[in-house]
Amino acid sequence: MNTQTAVTSLTDLQGSYALDPSHSSVSFVARHAMITKVRGYFPNFSGTAQLDGQNPAASSVQVEIDVNSVDTRSADRDGHLRSGDFFDVEKYPTWTFRSTDVKVTGGNEFEVTGDLTIKDVTRPVTIPFEFTGAALDPFGNQRAGFEGEVDVNRKDFGLTWNAALETGGVLVSEKVKLVFEISAIKQA
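Here the structure is a predicted model, which means the values were calculated and not measured.

### Some words on the packing of aromatic side chains
Consideration 1: Scanning the entire structure with this criterion turns up eight aromatic pairs.
Consideration 2: An angle of 85° between the planes, with centres 5.9 Å apart, marks the rings of F110 and F146 as edge-to-face. Residue F110 is found in strand β7 (residues 109-118), and its partner F146 is found in strand β9 (residues 142-153); the two are separated by 36 residues along the sequence. Neither residue differs from the other here; F110 and F146 are each classed as buried.

### Digging into the pairing of strand β4 (residues 45-52)
Regular strands place side chains that alternate from one sheet face to the opposite one.
Consideration 1: Every second residue of β4 is oriented toward a common face, the buried set being F45, G47, A49 and L51 and the non-buried set S46, T48, Q50 and D52.
Consideration 2: Bridge analysis of strand β1 (residues 14-19) against β4 gives five bridges, and the strand direction is antiparallel. Across the sheet, A18 pairs through a bridge with T48, a residue of β4.
Consideration 3: By the bridge criterion, six bridges tie β4 to strand β5 (residues 60-66) in an arrangement that is antiparallel. Across the sheet, residue G47 finds its bridge partner in β5, namely V63.

### A closer look at the side chain of K119
Consideration 1: Along the chain, K119 turns up in the loop between β7 and β8 (121-136).
Consideration 2: Within the buried set, K119 has no salt-bridge partner at all; the shortest N-O distance to an opposite charge, 5.3 Å, is to D88.
Consideration 3: A polar contact of 3.1 Å, which involves the side chain of K119, links it to the backbone oxygen of F86.

### Quick word on the pairing of strand β6 (residues 94-106)
Consideration 1: Relative to β6, β5 runs antiparallel, the two sharing five bridges. Looking at the pairing, E64 lines up with T96 of β6.
Consideration 2: Pairing of β6 with β7, which is carried by nine bridges, proceeds in the antiparallel orientation. When the sheet's bridge partners are listed, T96 is paired in β7 with T117.
Consideration 3: Hairpin remark: β6 followed by β7, antiparallel, with two residues in the connecting loop; positive phi at G107, about 55°.

### Quick look at unusual backbone geometry
Consideration 1: For R73, which is not glycine, the phi dihedral falls at a positive 70°.
Consideration 2: Turning to its location among the elements, R73 is positioned in the loop between β5 and α1 (75-82).
Consideration 3: In the Ramachandran plot, D88 falls in the positive-phi region, its phi being about 50° despite a non-glycine side chain.
Consideration 4: Note on placement: D88 falls in the loop between α1 and β6.

### Quick word on the side chain of T96
Consideration 1: Position of T96 among the secondary structure elements: in strand β6.
Consideration 2: What T96 contacts, discounting residues up to four positions off in sequence, is V63, E64, D115, L116 and T117.

### Overview of the nonpolar core
Consideration 1: Formed by 43 residues in total, the largest nonpolar core has its most connected members in L13, F42, F87, F110, F131, F146 and L178.
Consideration 2: Per-element accounting of this core gives the leading share, five residues, to strand β10 (residues 172-186).
Consideration 3: Apart from residues lying up to four places away in sequence, F146 is in contact with L13, L51, F110, F129, E130, F131, T132, F180, E181, I182 and A184.

Criteria and cut-off values
Residues numbered from 1 in each chain as written. Predicted model: local features only at pLDDT ≥ 70, side-chain atom pairs only at ≥ 80, totals over all residues. Heavy atoms only, no water. Phe/Tyr/Trp six-rings, centres within 6.5 Å; stacked < 30°, edge-to-face > 60°. Helix = DSSP H or I, 4+ residues; strand = E, 2+ residues; numbered from the N terminus. Buried < 20%, exposed > 50% of the residue type's maximum accessible area, 1.4 Å probe, protein only. Pairing = 2+ DSSP bridges. Lys, Arg positive; Asp, Glu negative; His and termini not counted. Salt bridge = Lys/Arg side-chain N within 4 Å of Asp/Glu carboxyl O. Polar contact = N/O pair within 3.5 Å; in protein donor to acceptor, adjacent residues only side chain to side chain. Contact = heavy atoms within 4.5 Å. Core = buried A, V, L, I, M, F, W, Y, C linked by side-chain atoms within 4.5 Å.

If you want it as structure tokens, here you go:
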């Protein structure tokens, strides 16, 4: 018999959770040539969360992203992103996010503020999230789902490479959207 308490709202979340990369996505979206969007994913990442739905300020989140795992469905573009022009993965193989504050903004919506480190630059960011629900999976794991996204200026993190276009504008937008679709498993 399962003795876990049903989780129906953000305030019910309690305990330690581990991010499940096989059922989660960490990705980005940037404009290319000022006319289309390019999407990329980081399939290799890990993270933990200590959740206290009754006292959200006591919650914390830590995420590490293996930047070398970048996948934009173009080997040439992925190679360029891994190079010193962009991510410089030989020198900076990991991006990190460490929360400094969590606050509920209404219903099942909350904000996670923390320090995002890309390359050797650390800046504070606030990511709006939504708690999308919880379920007990067929293997007896309590799962919780979260979705969030935030726009960052890549130049703020030392990602400054670009190329001018003959028609005006630049090849890669400064604004990049970071997107998080997370399934987290409660730890024993």
